[in-house]
Amino acid sequence: MLKKLKFFLKPSDRQSVDQLLHEAKRVCTLLGRGVLRDLEIDGYRYDISIAVRELGLDTELVSQLVDDYVAQVIKAIVQFESYLAALQDSQDNHDNLDYTPLRELAHKNLGVARNLRIKDAEILLYELMKKDNLDYLLACLEALKVCAIKLSPKCAYDTLKLIEVKSSL
């Protein structure tokens, strides 16, 4: 059975951007030194200057694109989790597992991560596209979530708040 880490995705009124970032760093270290240590993502820091130089864009535009990517990934997490739950149900029922929707969503997000030169996201999304172990895929998804939060904490926080408001309507 898939078990998510005890990581709070929904920001509460008491939780600040700084607290969300602190928890994201903690979980990222836990995963990077644990089940995902072979991916060597622990300690990765995004360097916007690489994307600026290689893409020939200014820093402000790349920063806006990174924020758009973070919002996109945070929103996609809900879909990823739904796909993983459906795969778990199929596995529990001894049905054939269809990874296609999960892999297609990972592929869409991988293109953006590659374009922006976000290496940890590239690695995690590639794993989501290629691996079959559901617990491992969930760990990759958790790492992707916290890596997005680390990349742009304020944008991630605002996106999470927006998701929370929309789901309460």
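Residues numbered from 1 in each chain as written. Predicted model: local features only at pLDDT ≥ 70, side-chain atom pairs only at ≥ 80, totals over all residues. Heavy atoms only, no water.

### Structural notes on the overall build of the chain
Link 1 in the chain: Of the regular secondary structure elements, the chain holds seven helices and zero strands.
Link 2 in the chain: Sequence-ordered secondary structure for the chain, helices as α and strands as β, is α-α-α-α-α-α-α.
Link 3 in the chain: Whereas a compact globule of 169 residues would reach a radius of gyration of roughly 15 Å, the chain reaches 16 Å, a difference of no more than 12%.
Link 4 in the chain: On the principal axes, the C-alpha backbone points of the chain span a range of 50 × 35 × 30 Å. (Helix = DSSP H or I, 4+ residues; strand = E, 2+ residues; numbered from the N terminus. Rg over C-alpha atoms; globule rule 2.2 N^0.38 Å.)

### Observations regarding the pattern of salt bridges
Any two side chains of opposite charge can pair, on the condition that their charged atoms come close.
Link 1 in the chain: Across all of its chains, the model carries nine salt bridges by this definition.
Link 2 in the chain: The closest approach of N and O atoms between Lys145 and Glu81, which form a salt bridge, is 3.5 Å. Here Lys145 is found in helix H6 (residues 134-151), whereas its partner Glu81 is found in helix H3 (residues 59-92), with 64 residues between them in sequence.
Link 3 in the chain: Classification of Lys145 by relative accessible area gives buried; the value is 0%.
Link 4 in the chain: When the shortest N-O distance is used, the salt bridge between Glu127 and Lys131 registers 4.0 Å.
Link 5 in the chain: Residue Glu127 is classed as buried on the basis of its relative accessible area, which comes to 9%.
Link 6 in the chain: Looking at Lys131, the relative accessible area reads 35%, which means it is partly exposed.
Link 7 in the chain: Linked by salt bridges that have partners in common, Glu81, Glu142 and Lys145 make up one network. (Salt bridge = Lys/Arg side-chain N within 4 Å of Asp/Glu carboxyl O. Buried < 20%, exposed > 50% of the residue type's maximum accessible area, 1.4 Å probe, protein only.)

### Section: the layout of surface pockets
Link 1 in the chain: A volume near 290 Å³ is recorded for the largest pocket.
Link 2 in the chain: The wall of the largest pocket is formed by 15 residues, among which Tyr44, Arg45, Tyr46, Lys150 and Leu151 lie closest to the centre.
Link 3 in the chain: Elements that contribute at least two residues to the lining of the largest pocket include exactly helix H1 (17-33), H3 and H6. (1 Å grid on protein atoms, 1.4 Å probe; cavity = no way out; pocket = protein on both sides within 12 Å on 5 of 7 lines; lining within 4 Å. Points joined across faces, edges and corners; volume = space filled by probe spheres on them.)

### Regarding the packing of H3 against H6
Link 1 in the chain: Viewed as axis vectors pointing N to C, H3 and H6 meet at an angle of 165°, and their least axial separation amounts to 10 Å. Accordingly, the angle class assigned to the pair H3 and H6 is roughly antiparallel. Of the two elements, H3 crosses H6, and the hand of that crossing is left-handed. Mapping the contact onto sequence places Val66, Tyr69, Val70, Val73, Ile74, Ile77, Phe80, Glu81, Leu84, Leu87, Gln88 and Gln91 in H3 and Leu134, Leu137, Leu138, Leu141, Glu142, Leu144, Lys145, Ala148, Ile149 and Leu151 in H6.
Link 2 in the chain: For the contact of H3 with H6, the class distribution of residues is 17 nonpolar, two polar and three charged. (Axes fitted to C-alpha atoms, helices over the stretch in contact; angles between N-to-C directions. Parallel < 35°, antiparallel > 145°, perpendicular 65-115°, else oblique. Left-handed = near helix turned anticlockwise from the far one by under 90°. Contact = heavy atoms within 4.5 Å. Nonpolar A, V, L, I, M, F, W, Y, C, P; charged D, E, K, R; others polar.)

### Quick notes on unusual backbone geometry
Link 1 in the chain: Even without being a glycine, His94 presents a positive backbone phi close to 60°.
Link 2 in the chain: Topologically, His94 is positioned in the loop between H3 and helix H4 (100-115).
Link 3 in the chain: For His94, a relative accessible area of 73% puts it in the exposed group.
Link 4 in the chain: Unlike most non-glycine residues, Arg117 shows phi in positive territory, near 60°.
Link 5 in the chain: Mapped onto the elements, Arg117 comes out in the loop between H4 and helix H5 (119-130).

### Topic: the nonpolar core
Link 1 in the chain: Counting residues in hydrophobic clusters, the biggest one holds 53 residues, and the most contacted among them are Leu36, Tyr69, Phe80, Leu124, Leu125 and Leu144.
Link 2 in the chain: Contributing elements (two or more residues each) for this core: H1, helix H2 (48-55), H3, H4, H5, H6 and helix H7 (153-168).
Link 3 in the chain: The element that contributes the greatest number of residues to this core is H6, accounting for 13 residues.
Link 4 in the chain: Residues contacting Leu36, with those up to four places away along its chain left out, are Leu31, Leu124, Tyr136, Ala139, Cys140 and Ala143. (Core = buried A, V, L, I, M, F, W, Y, C linked by side-chain atoms within 4.5 Å.)

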